[in-house]
Amino acid sequence: MTENNDLARAREGDDAAFTRLVQPLRPELHAHCYRMLGSVHDADDALQEALLRAWRGLARFEGRSALRSWLYTVATRTCLDLVKDRDRRALPVDLGPSSGHVVLDAAPVTGQRWLGPYPDVGLGYEQREAVELAFVAALQHLPGNQRAALLLFDVLGFSAAEIAAMMDASTTSVNSALARARRVVADRVPGPGRALRTLEDVRVRELVTGFATALERGDADALVALLTADVTWSMPPLAQWYGGLPAVTDFAVQVPLTRCPSFRHLLTSANGRPAAAFYLGESADATHQAWSITVFGLRGDRIAEITSFLGAEHFPAFGLPESVPDRA
């Protein structure tokens, strides 16, 4: 009854009523836009545009479907409009083979649109799996219609007929797009959330804290002891990435453990995975500035994948400060 009253008021131009209607759905709509676009900032823009379109078109909403379904229609079409005009986002592992030895003074690749991290606090377990890094990266290899069909069907549970109406397409074309999308994603995703289901939360925290502490102390042996033999480390927007324990060790010893004077960290989570926000300082007693959101992929009781998203621009979405004071 409250929703019906707010809907009637919103149709009459009451923006407060419209806000009450959409507010509970904003987190899941935002996550949907991120999955479609691969960037928190793009998701912000897409959701803002989608809600503006919904507000302007509310008079055309006849109530034949649920308000949630209609908002997903508007959000999906908004994302599809954006996908048409933009290159896909990528991770370094998508662009070329790993580097066998450290590359010193590597320059950021500014012409590439990079996948970004996503703060998953507030999302349910299934929603956290659906923003898992490998899954979102795989989605970027799909055309927009296949991306949308897969997300609407497999993640959000809409039927093929509902998706056809959302995308102004036939049910046959939706089923075809869905089948092709599943094949591509299955080839690229080992299984979202698998690592976290096999480890207790306490052990996950120990692994991430151990890595961060080893980095802060400059302890190469302690850091390497936490890694799998086939570990990878990538650092967008740097194109170079490292695969295998020797190469990752070479990089760790020669760059963060040697060339970076002092680290601090705060624990967080991103893309359904444990993560750490790292801050870099000129000395241990200096203010430390935002450096990276580092996301960890786990296998067994070791770290198998490290993705360090470099740049202070990632921190506000996580509600993290851009700097931390010295320990004193």
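This is a predicted model, so every value here is computed, not measured.

Enquirer: Is there a simple way to think about the overall build of the protein chain in this case?
Expert: Scanning the protein chain from terminus to terminus reveals 14 helices and 7 strands. Its C-alpha atoms give the protein chain a radius of gyration of 22 Å, within 12% of the compact-globule value 20 Å for 328 residues. Counting across all 328 residues of the protein chain, residues that qualify as buried make up 49%. Approximately 15400 Å² of the protein chain is accessible, and the part contributed by carbon and sulfur atoms is 50%.

Enquirer: Before we go on, may I ask you to explain the pairing of strand S3 (residues 262-270) in this structure?
Expert: Each regular strand carries side chains that alternate between the two faces of the sheet. The sheet contact formed by S3 and strand S4 (residues 273-281) spans 9 bridges and is antiparallel. Bridge assignment links Arg-264 to a residue of S4, and that residue is Tyr-279. Linking S3 back to S4 in an antiparallel pair, the connection comprises 2 residues, with Asn-271 at a positive phi of about 55°.

Enquirer: Whenever I open this one, the environment of Ser-69 confuses me. Can you help?
Expert: As for its placement among the helices and strands, Ser-69 is situated in helix H5 (residues 67-84). Assessed through its relative accessible area of 15%, Ser-69 is described here as buried. Not counting residues within four places of it along the chain, the set of residues in contact with Ser-69 comprises Phe-158 and Met-166.

Enquirer: Can you walk me through the nonpolar core in this structure?
Expert: Generally speaking, a soluble globular protein has its nonpolar side chains buried in company with each other. In this structure, Tyr-34, Trp-70, Leu-71, Leu-150 and Val-185 are the most contacted members of the largest nonpolar core, which totals 72 residues. The element that contributes the greatest number of residues to this core is H5, accounting for 10 residues. Sequence-distant contacts of Trp-70, that is, excluding residues within four places in its chain, are made with Ala-54, Gly-57, Leu-58, Phe-61 and Ser-65. Listed in part, the 31 residues of the second largest apolar core include Leu-207, Phe-296, Leu-298 and Ile-306.

Enquirer: Where do I start with the pattern of salt bridges in this structure?
Expert: Side chains that differ in charge, positive against negative, can pair when their charged atoms come close. Enumeration according to the criterion identifies 16 salt bridges in this entry. For Asp-6, the salt bridge goes to Arg-9, with nearest N and O atoms at 4.0 Å. One end of the pair, Asp-6, and the other, Arg-9, are both in helix H1 (residues 2-11), 3 residues apart, so they sit about a helical turn from each other. Between Arg-20 and Asp-6 there is a salt bridge whose closest N-O contact spans 2.8 Å. On the criterion of sequence distance, the pair formed by Arg-20 in helix H2 (residues 15-22) and Asp-6 in helix H1 is long-range, its members being 14 residues apart.

Enquirer: When you look at the packing of aromatic side chains in this model, what are you seeing that I'm missing?
Expert: Using the criterion set out here, one finds 12 aromatic pairs in the structure. An angle of 55° between the planes, with centres 5.3 Å apart, marks the rings of Phe-18 and Trp-55 as tilted. One end of the pair, Phe-18, is in helix H2; the other, Trp-55, is in helix H4 (residues 40-56), and 37 residues separate them in sequence. Look at Phe-18 and you get buried, because its relative accessible area is 8%. Classification of Trp-55 by relative accessible area gives partly exposed; the value is 28%.

Enquirer: Help me out: how do you make sense of the packing of helix H3 (residues 26-37) against helix H8 (residues 144-155) in this one?
Expert: Describing two packed helices takes the angle between their axes plus the distance from one axis to the other. One way to put it is that H3 packs onto H8 with a least axis distance of 10 Å and a crossing angle of 140°. Here H3 is positioned oblique relative to H8, judged by the angle of their axes. Remark: the crossing between H3 and H8 carries right-handed chirality. Contact residues: H3 offers His-32, Arg-35 and Met-36, while H8 offers Gly-144, Arg-147, Ala-148, Leu-151, Leu-152 and Val-155.

Enquirer: Help me understand unusual backbone geometry in this model?
Expert: Keep in mind that most residues, glycine aside, have a negative phi and that most peptide bonds are trans. Residue Pro-236 is joined to Pro-237 through a cis peptide bond whose omega torsion reads 20°. Mapped onto the elements, Pro-237 comes out in the loop between strand S1 (227-234) and strand S2 (241-243). One non-glycine residue, Asp-105, adopts positive backbone phi at about 55°. Checked against the element boundaries, Asp-105 lands in the loop between H5 and helix H6 (125-129). Residue classification places Asp-105 among the exposed residues on the basis of a relative accessible area of 66%. At Asn-271, a residue that is not glycine, the phi angle is positive and equals roughly 55°.

Enquirer: I would appreciate a short explanation of the packing of H2 against H4 in the present structure.
Expert: Between H2 and H4, the shortest axis-to-axis distance is 12 Å and the interhelical angle comes to 125°. Comparing their axes, H4 and H2 come out oblique. Like other packed secondary-structure pairs, H2 and H4 cross with a definite hand, here right-handed. Residues Asp-15, Phe-18 and Val-22 of H2 pack against Leu-51, Ala-54 and Trp-55 of H4. Classifying every residue of the contact of H2 with H4 by side-chain character gives 5 nonpolar, no polar and 1 charged.

Rules and cut-offs
Residues numbered from 1 in each chain as written. Predicted model: local features only at pLDDT ≥ 70, side-chain atom pairs only at ≥ 80, totals over all residues. Heavy atoms only, no water. Helix = DSSP H or I, 4+ residues; strand = E, 2+ residues; numbered from the N terminus. Rg over C-alpha atoms; globule rule 2.2 N^0.38 Å. Buried < 20%, exposed > 50% of the residue type's maximum accessible area, 1.4 Å probe, protein only. Areas by Shrake-Rupley, 256 points an atom, 1.4 Å probe, with all protein chains shown as cover. Pairing = 2+ DSSP bridges. Contact = heavy atoms within 4.5 Å. Core = buried A, V, L, I, M, F, W, Y, C linked by side-chain atoms within 4.5 Å. Salt bridge = Lys/Arg side-chain N within 4 Å of Asp/Glu carboxyl O. Phe/Tyr/Trp six-rings, centres within 6.5 Å; stacked < 30°, edge-to-face > 60°. Axes fitted to C-alpha atoms, helices over the stretch in contact; angles between N-to-C directions. Parallel < 35°, antiparallel > 145°, perpendicular 65-115°, else oblique. Left-handed = near helix turned anticlockwise from the far one by under 90°. Nonpolar A, V, L, I, M, F, W, Y, C, P; charged D, E, K, R; others polar.

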